[in-house]
Structure formats: C-alpha cells, structure tokens
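Spelled out from the first residue to the last, the chains are:
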Amino acid sequence: MELCIDFGGTEIKIALTDGSHVVGSRSIPVEGTPTDLDKAAAHARALLDQTGRAADAVGIAVPGVVDPRSDRMLHANAKYDFLEDIDLHAWAHTEFDLPSVVENDARAALIGETSSGSAAGERDAVLVTLGTGIGTAAMIDGSPLRGRTGHAGILGGHLTVDIDGPTCPCGNIGCGEALASTRALPEHVSMTQVFTTDAHPDLRDRFLHVWGAVVTSLVHSYDPAVVILSGGILRAGDAVSAPIEDFVREHLWPSLTPPHFVVPPEPELSVVRGLSTLIHTTHTATTHTAIPQEEQ
Ligand SMILES: [Zn+2]
C-alpha cells in the first residue's frame, strides 16, 4: 500500500493506493504556509485510520524542481516556497516512520499515465498540462527525463514562443506560459469563457496557436509516440485538443511521424498512479538513496 500526497495548486490531495487502485482519498485546500505540511500529515493519518490499512511507503509530488541527486527542491512554485527548506524524506520518516519518494508533479503524472493510465505501455511520451501555467514532462525509451539537476522535460512551458513577447516571471522572454495560461488572461475573463463560448475568438485562436507551437517544439525535442494533453480546460473536449493536434501535424518536421494524442479520462488519478509506480520502482532499485538500508 502506498500513501500518496500531491501538493497541487489549489488543493493537497492525499490518497491511499494499492498499485493503480485507489483505496481511499481526501483533499484539503492549500494555504501556502508550513502548516500545510502539518495538515497533510494529520489528514493522511486520518485516512489510514479510516481505511484500517497500513502503508509501506510515502510518495510525494511537488510543483517544482526536484534535484534527483538529493530529492531536495531546488525551486518551488510561489505558493510552496517554504518547501525549498524542507527535507521531505525526513518529514515523511518523522510523520509516518516510512521511506519516501519525491517527484515533480508533471513527471509523476506522466509516469502515472504511461504505467496504468491513458498511455499505458508507451515508452516514448510527452505530457502537457494546460491551466494556471503549462506543466510538461518527457519520457524516452521508458525513462522519465530528469537531467543533471532535475530540470529536463519539465520546462516546456518556458520555451520561447515569441522573442518580442512579454517578460515571463521566470526571467525569460515570450514563454508559452506567459502568452497562454490562466495568468495570461485579461481580467474578468476565464479559460472556460474563452473555450466554451464565442465571446473571445481572437484570444481562443492565439492560445491554441501558442499551445500548438509549444507541443510542436516538444515533439521536435523528444520524438514521442504519444502526447498526453491534460488540465481542466481539456474538459472542453475537442475545442482544445483537436486544434492543437492539427497545428502540430501542420508544422511538424517532415520526416517525423506525428504522435498519437490522448486526453486522460481520469486526470485526477495521474499523479497518484505515478507516485505509486515510483514507489514500486524505487523499492526494487538498489541504488536509490531515498529508502534507508534497513527498510530494503
Ligand atoms: Zn517563463
């Protein structure tokens, strides 16, 4: 059994899983203070009590860059900047007396979708989550890309789309995320309005072109067999996914075989499925330092 904790943008999701099966779950709102950790631990213990089950390990997903050498966060999204000072392995050991794995949330979602979700069995895949920002992750030949310091594959939202575009909070210019995400919307306009009504056709077309350009660059970079499009706005159905796919097909390098596009039917399970998979992978890996020797 795996205890999975996903520190998401608006809520912290806690789930007890048995492989890809979710035994129980609960969510709590994010406050953006260190008390979030205390609340997550309390609700996790309550979930264990409620289900009467015991977990073997803890999986933690965070919205930020995780150094694969230390599993410490090198950079967290603003709401979670307090996590940068915290050793989450030590926290999990103190709170639950269990070993743990820590992973970037988009990478965990990609691992979840390729292990038991909408792209199960795929070994070359890219995941793009559209929402408040643009989250991405990439897998090549079955290995999720992490790179030297954990940044590989997850900065797709910060590919430059327009060299004359606005400065992004990240410091770069004209990032896809600065041009087409919730934070790029005019005041009093929601993503749902843009994609489910005809009130903002120019904005809709611009966002779709930016997302198409981002996904095209990711396909050029990683040559995936499948692109997983996720995020709440994908619930608008083909209004979002079909134009992105058309843009990619139209602008792809001539000899590249266009990837297959999927939209996960259960996106709320992507991250917990990935954490569960990571725990099982880590338990069988002898080189990982996250699990104390006596636990292996
Ligand atoms: Zn940026």
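From a predicted model like this one, the values you see are computed outputs, not experimental measurements.

1. Observations regarding the overall build of the protein
Okay, step 1: Helices and strands together make up the secondary structure of the protein, namely eight helices and 12 strands.
Okay, step 2: Here the protein has a C-alpha radius of gyration of 19 Å; the compact-globule value for 296 residues is 19 Å, and the two agree.
Okay, step 3: The principal-axis extent of the C-alpha atoms belonging to the protein is close to 55 × 45 × 35 Å.
Okay, step 4: Counting only residues that meet the buried cut, the protein has 48% of its 296 residues in that class.
Okay, step 5: Summed over all atoms, the accessible surface of the protein reaches about 13400 Å², with 50% contributed by carbon and sulfur.

2. A look at the coordination of the zinc ion
Geometrically, a metal with four donors at the corners of a regular tetrahedron has ideal angles of 109.5 degrees, and one with six donors at the corners of a regular octahedron has ideal angles of 90 or 180 degrees.
Okay, step 1: Each protein donor to the zinc ion is listed here as H158 (ND1), C168 (SG), C170 (SG) and C175 (SG); together their distances run 2.0 to 2.3 Å.
Okay, step 2: Taken together, the four donor atoms coordinating the zinc ion span angles of 107 to 115° at the metal, a pattern that classifies the geometry as tetrahedral.
Okay, step 3: Within one chain, the residues donating to the zinc ion are spaced in sequence as H-x9-C-x1-C-x4-C.

3. Some thoughts on helix 3 (residues 105–115)
Okay, step 1: In terms of residue burial, helix 3 counts as a mostly covered element, since nine of its 11 residues are buried.
Okay, step 2: Looking at helix 3, one finds that the buried residues are A106, R107, A108, A109, L110, I111, G112, E113 and T114.
Okay, step 3: Where helix 3 begins, the side chain of N104 points an oxygen toward the backbone nitrogen of A106, at a separation of 3.0 Å.

4. Quick word on unusual backbone geometry
Okay, step 1: With a phi close to 60°, D71 is a non-glycine residue in the positive phi region.
Okay, step 2: Within the chain, D97 stands out as a residue other than glycine whose phi angle is a positive 55°.
Okay, step 3: When its relative accessible area of 51% is taken as the criterion, D97 is described as exposed.

5. Things to note about the pattern of salt bridges
Okay, step 1: This structure, assessed with the given rule, holds 12 salt bridges.
Okay, step 2: The partner of R107 in a salt bridge is E103, with the nearest N and O atoms 2.9 Å apart.
Okay, step 3: Judged by its relative accessible area of 1%, R107 is buried.
Okay, step 4: Residue E177 is joined to R183 by a salt bridge in which the shortest nitrogen-to-oxygen separation is 2.3 Å.
Okay, step 5: Take E177: its relative accessible area is 9%, and that puts it in the buried class.

6. A closer look at the sheet that holds strand 11 (residues 226–230)
Okay, step 1: Pairing is mixed across the open sheet formed by five strands, whose spatial order is 10-9-8-11-12. Each edge of the open sheet is held by one strand with a lone partner, namely strand 10 (143–144) and strand 12 (260–262).
Okay, step 2: The pairing of strand 11 with strand 12 spans three bridges and is classified as parallel. Bridge assignment links V226 to a residue of strand 12, and that residue is H260.
Okay, step 3: Along the sheet face, helix 3 touches strand 8 (125–130), strand 9 (134–140), strand 10 and strand 11 and points at about 50° away from the line of strand 9.
Okay, step 4: Of the strands in this sheet, strand 8, strand 9, strand 11 and strand 12 touch helix 6 (residues 201–222), which is tilted by about 160° from strand 8.

7. Re the layout of surface pockets
Okay, step 1: Its volume calculated, the largest pocket comes out at about 1600 Å³.
Okay, step 2: Lining the largest pocket are 46 residues, with P63, N77, D105, T132 and G133 sitting closest to its centre.
Okay, step 3: Looking at the lining of the largest pocket, the elements that each hand over two or more residues are strand 2 (11–18), strand 5 (64–66), strand 6 (73–76), helix 3, strand 8, strand 9 and helix 8 (270–284).
Okay, step 4: The residue makeup of the lining of the largest pocket, split by class, is 18 nonpolar, 19 polar and nine charged.

8. Re the packing of aromatic side chains
Okay, step 1: Applying the stated criterion to the full structure yields five aromatic pairs.
Okay, step 2: Taken together, a centroid distance of 5.8 Å and an interplanar angle of 90° make the contact between W91 and F96 edge-to-face. For the pair formed by W91 and F96, the shared burial category is buried.
Okay, step 3: Centroid distance F207 to W211: 5.6 Å. Interplanar angle 70°. Geometry classified as edge-to-face. One end of the pair is F207 and the other is W211, both in helix 6 and four residues apart, which spans about a single turn. Judged on exposure class, the residue F207 and its partner W211 are both buried.
Okay, step 4: One aromatic cluster in this structure is built from F7, Y80 and F82.

The rules behind these values
Residues numbered from 1 in each chain as written. Predicted model: local features only at pLDDT ≥ 70, side-chain atom pairs only at ≥ 80, totals over all residues. Heavy atoms only, no water. Helix = DSSP H or I, 4+ residues; strand = E, 2+ residues; numbered from the N terminus. Rg over C-alpha atoms; globule rule 2.2 N^0.38 Å. Buried < 20%, exposed > 50% of the residue type's maximum accessible area, 1.4 Å probe, protein only. Areas by Shrake-Rupley, 256 points an atom, 1.4 Å probe, with all protein chains shown as cover. Donors = N, O, S within 2.8 Å, 3.2 Å for Na, K, Ca; no water. Tetrahedral: all angles 85-135°; square planar, octahedral: opposite > 155°, others 65-115°. Polar contact = N/O pair within 3.5 Å; in protein donor to acceptor, adjacent residues only side chain to side chain. Salt bridge = Lys/Arg side-chain N within 4 Å of Asp/Glu carboxyl O. Pairing = 2+ DSSP bridges. Contact = heavy atoms within 4.5 Å. Axes fitted to C-alpha atoms, helices over the stretch in contact; angles between N-to-C directions. 1 Å grid on protein atoms, 1.4 Å probe; cavity = no way out; pocket = protein on both sides within 12 Å on 5 of 7 lines; lining within 4 Å. Points joined across faces, edges and corners; volume = space filled by probe spheres on them. Nonpolar A, V, L, I, M, F, W, Y, C, P; charged D, E, K, R; others polar. Phe/Tyr/Trp six-rings, centres within 6.5 Å; stacked < 30°, edge-to-face > 60°.

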